[in-house]
Amino acid sequence: MHLFRRNTQPFRLVEGFEAAEGRALQRSITAALLTSERADGQDVPDLLQIGHGSGDRLVVIWRNLVVGLVPPECVKQFDQVLADKPRAVVAVRGVVHLSGDLWRVWVGDLPGGGFPESTAHLDTLPAPEDKVLGIPIRRKGDRVPVWPAEVSPVTDDESAG
């Protein structure tokens, strides 16, 4: 039964590219990685899906998680297949790899000379702040907010009198 399943078509890219917003979507990428893959830090070749996201953006989906966005200069490759089909998805080969301290998603065949250096224009969204139940997590070395000079905390002596 194909009630909710999207129609996925295989697609051959002309030229590979790095998915955008790797820094902002780092949690999704690491959530999709198996524990052994994360521990090894090795390249993980796998099938990726490209589909419609919000507005006119195309998203990169891996293991049912959005792990990147298709950069605006690479969207043209998918226009013919995805243009008039909002639920259509294409399957492409890709590689999730460790680049410095971040996991990145390469869409397309593994480049022969290795992965190119990540470009700064791909990551425009800030990395999300670490929170637990909406409360920011402070780590050793993080700057702790201080009371403004004109406002001082109430001491026990002042509250008793």
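Residues numbered from 1 in each chain as written. Predicted model: local features only at pLDDT ≥ 70, side-chain atom pairs only at ≥ 80, totals over all residues. Heavy atoms only, no water.

1. A closer look at the side chain of Asp123
Position of Asp123 among the secondary structure elements: in the loop between strand 7 (102-107) and strand 8 (131-132). There is a polar contact of 3.3 Å between the side chain of Asp123 and the backbone nitrogen of Glu21. Of the polar contacts made by the side chain of Asp123, one reaches the side chain of Arg104; its length is 2.8 Å. (Helix = DSSP H or I, 4+ residues; strand = E, 2+ residues; numbered from the N terminus. Polar contact = N/O pair within 3.5 Å; in protein donor to acceptor, adjacent residues only side chain to side chain.)

2. Observations regarding the layout of surface pockets
Empty space among the atoms becomes visible once a probe the size of a water molecule is rolled across them. Taken as a whole, the largest pocket spans an internal volume of roughly 150 Å³. Every residue lining the largest pocket is listed: Phe11, Arg12, Leu13, Val14, Glu15, Gly16, Leu47, Ala91, Val92, Arg93, Gly108 and Asp109. No other element matches the 3 residues that strand 6 (residues 89-99) contributes to the lining of the largest pocket. Here the lining of the largest pocket is composed, by residue class, of 6 nonpolar, 2 polar and 4 charged. (1 Å grid on protein atoms, 1.4 Å probe; cavity = no way out; pocket = protein on both sides within 12 Å on 5 of 7 lines; lining within 4 Å. Points joined across faces, edges and corners; volume = space filled by probe spheres on them. Nonpolar A, V, L, I, M, F, W, Y, C, P; charged D, E, K, R; others polar.)

3. Focus on the nonpolar core
One finds Ile50, Val60, Val70, Phe78, Val105 and Val107 to be the most contacted residues of the largest nonpolar core, which totals 26 residues. Going through the elements one at a time, helix 1 (26-32), strand 3 (44-52), strand 4 (58-62), helix 3 (76-82), strand 6 and strand 7 are the ones with two or more residues in this core. Each residue touching Val105, except ones within four places of it in the same chain, is listed here: Phe17, Glu18, Ala19, Ile29, Leu48, Val60, Val67, Val95 and Val96. Residues Ala20, Val59, Leu69 and Leu122 belong to the second largest nonpolar core, which totals 5 residues. (Core = buried A, V, L, I, M, F, W, Y, C linked by side-chain atoms within 4.5 Å. Buried < 20%, exposed > 50% of the residue type's maximum accessible area, 1.4 Å probe, protein only. Contact = heavy atoms within 4.5 Å.)

4. Observations concerning the side chain of Glu21
The residue Glu21 is located in the loop between strand 2 (17-18) and helix 1 in this model. Although Glu21 is buried, it makes no salt bridge; Arg57 carries the closest opposite charge, 5.6 Å away. At 2.5 Å, the side chain of Glu21 forms a polar contact with the side chain of Thr124. (Lys, Arg positive; Asp, Glu negative; His and termini not counted. Salt bridge = Lys/Arg side-chain N within 4 Å of Asp/Glu carboxyl O.)

5. So, the pattern of salt bridges
Inspection of the entire model under this criterion finds 6 salt bridges. Linking Asp123 and Arg104 is a salt bridge whose minimum nitrogen-to-oxygen distance equals 2.8 Å. Residue Asp123 is located in the loop between strand 7 and strand 8, and its partner Arg104 is located in strand 7; the two are separated by 19 residues in the primary sequence. Just as Asp123 is buried, Arg104 falls in that class too. The network of salt bridges with shared partners includes Arg12, Arg93 and Asp109.

6. A closer look at the environment of Cys74
With respect to the helices and strands, the residue Cys74 is situated in the loop between strand 5 (65-69) and helix 3. For the pair Cys74 and Glu15, spaced 59 residues apart in sequence, the C-alpha to C-alpha distance is 9.0 Å.

7. A closer look at the pairing of strand 5
As defined by bridge partners, strand 4 adjoins strand 5 across 4 bridges and the pair is classed as antiparallel. When the bridges of strand 5 are listed, Val59 appears paired with Leu69. In this structure, the hairpin formed by strand 4 and strand 5 is closed by a connection of 2 residues, where Arg63 is found at a positive phi of approximately 55 degrees. (Pairing = 2+ DSSP bridges.)

8. Quick notes on the environment of Arg93
Looking at the element boundaries, Arg93 is found in strand 6. Along the chain, Arg93 and Leu13 lie 80 residues apart, while their C-alpha atoms are 8.7 Å from each other. Among residues more than four places away in sequence, those in contact with Arg93 are Arg12, Asp46, Leu47, Leu48, Val107, Gly108 and Asp109. Among the polar contacts listed, one links the side chain of Arg93 to the side chain of Asp109, at a separation of 3.0 Å.

Limitation: the analysis is restricted to geometry and does not speak to function.
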